[in-house]
Amino acid sequence: MAAKPRVKAPKKAEAGEIVTIKTLVRHHMETGQRKDKDGNKIPRDIIHTFVCTVNGKEALRSKWEGAVSANPYLAFPLKIMETSEVVFSWTDDQGETVSTTKTITVA
Amino acid sequence: MNQVSIVSRRTFVLGTGGLAAFLALPQVAAANEWQAAMMELVGTSEPAEGKIDLAMPEIAENGNVVPFDITVDSPMTDGDHVKAVHVLATGNPTPGVASYMMSPAMGEASVSSRMRLGKTQDVIAVAEMSDGSVYGVTTTVKVTIGGCGG
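Residues numbered from 1 in each chain as written. Chains lettered and ligands numbered in written order. Predicted model: local features only at pLDDT ≥ 70, side-chain atom pairs only at ≥ 80, totals over all residues. Heavy atoms only, no water.

Caption draft 1: Seen up close, the sheet that holds strand E2 (residues 12–13) of chain A. Strand order in the open sheet formed by ten strands is E2(A)-E8(A)-E7(A)-E4(A)-E5(A)-E5(B)-E4(B)-E7(B)-E8(B)-E2(B), and the pairing between neighbours is mixed. This sheet does not close on itself; its edge strands, each paired only once, are E2 of chain A together with strand E2 (59–62) of chain B. Relative to strand E5 (residues 96–101) of chain B, strand E4 (residues 82–89) of chain B runs antiparallel, the two sharing five bridges. Each residue of the ladder has a partner; that of Leu 88 of chain B, found in E5 of chain B, is Gly 96 of chain B. (Pairing = 2+ DSSP bridges. Helix = DSSP H or I, 4+ residues; strand = E, 2+ residues; numbered from the N terminus.)

What follows is the structure in structure tokens.
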């Protein structure tokens, strides 16, 4: 599907701190509404699911429709209680999934 | 075939993709469509006011990329948190935009993203709380150039 997703997350946090995570992934998010120059519908191809897990436990799951802009951006908070392995994954209509992992360390 | 090419030419002129077909629909049908979508998502089309805030620009020059920030007033504890937030664009060819299934691990109930808007319309955000209550908020966005294709 896509190039490597970009995730901005702090490397360190205090226990109990709420940090902001910013994510961006390249994807054309073809809506399925558009037609090509011959009048044929261009088939839908969007990222329909985004999941963020913290130490294996789901923190946020998002379901997207064609109305989410191309190259989807998503920012959200996480409350970091302990050193956490945070996994982000995006799945599109082609069945492809891209993932990236960040570690946030609590000293 | 002839019909198809006429529609696609108009679509091209408007630069708004499937929106041209949508404009032909009566307004009542459109309203029913998003209300039906909301019923399906949260079981009501009349959520309570308050608790949820939806920040969007009043005027969006480019309907392809309209930023939005949603914040729900919630302690996000195991016993009292936001289960899900849904976003609906009432004037798009299909009203659904995104759903966010949240958890106490977020600490705060907020998300920021970007959506496409086909034309000037109302955008609705609804929050489902862990106690089953539903809160909603509506904001109007003026769109200069539509963003549903084209």
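Read on, since the account is not over.
Caption draft 2: Expanded view of the layout of surface pockets. Of the pockets and cavities examined, the largest pocket occupies roughly 360 Å³. Residue assignment for the lining of the largest pocket shows that the elements contributing at least two residues are helix H3 (27–42), E4 and E5 of chain B. Here the residues of the lining of the largest pocket are counted per class, giving ten nonpolar, eight polar and five charged. Here the second largest pocket is characterised by a volume of approximately 310 Å³. Lining the second largest pocket are 16 residues; nearest its centre among them are Lys 57, Lys 79 and Met 81 of chain A together with Pro 104 and Ala 105 of chain B. Contributing elements (two or more residues each) for the lining of the second largest pocket: strand E5 (57–64) and strand E6 (73–80) of chain A. Element by element, the count of residues in the lining of the second largest pocket is highest for E5 of chain A, at three residues. Residue composition of the lining of the second largest pocket, by class: eight nonpolar, three polar and five charged. (1 Å grid on protein atoms, 1.4 Å probe; cavity = no way out; pocket = protein on both sides within 12 Å on 5 of 7 lines; lining within 4 Å. Points joined across faces, edges and corners; volume = space filled by probe spheres on them. Nonpolar A, V, L, I, M, F, W, Y, C, P; charged D, E, K, R; others polar.)

Caption draft 3: Region of interest: the nonpolar core. Leu 60, Trp 64, Phe 76 and Leu 78 of chain A together with Ile 70, Tyr 100 and Met 102 of chain B are the most contacted members of the largest nonpolar core, which totals 55 residues. If sequence neighbours within four positions are ignored, Ile 70 of chain B has contacts with Ile 52, Asp 53, Leu 54, Val 85, Val 87, Ala 109, Ser 110, Val 111 and Ala 125 of chain B. The next biggest cluster of nonpolar side chains, apart from the first, holds eight residues, and it includes Trp 34, Ala 37, Val 42 and Val 134 of chain B. (Core = buried A, V, L, I, M, F, W, Y, C linked by side-chain atoms within 4.5 Å. Buried < 20%, exposed > 50% of the residue type's maximum accessible area, 1.4 Å probe, protein only. Contact = heavy atoms within 4.5 Å.)

Caption draft 4: Local environment of the pairing of strand E3 (residues 66–72) of chain B. All names here are of chain B. In E3, alternate side chains face the same way, and those of Val 66, Phe 68, Ile 70 and Val 72 are buried while those of Pro 67, Asp 69 and Thr 71 on the opposite face are not. Relative to E3, strand E1 (residues 52–55) runs antiparallel, the two being bridged by four bridges. Each residue of the ladder has a partner; that of Leu 54, found in E3, is Ile 70. Where E3 and strand E6 (residues 109–115) come together, seven bridges link them in antiparallel fashion. The residue bridging Pro 67 from the neighbouring strand is Arg 114, located in E6.

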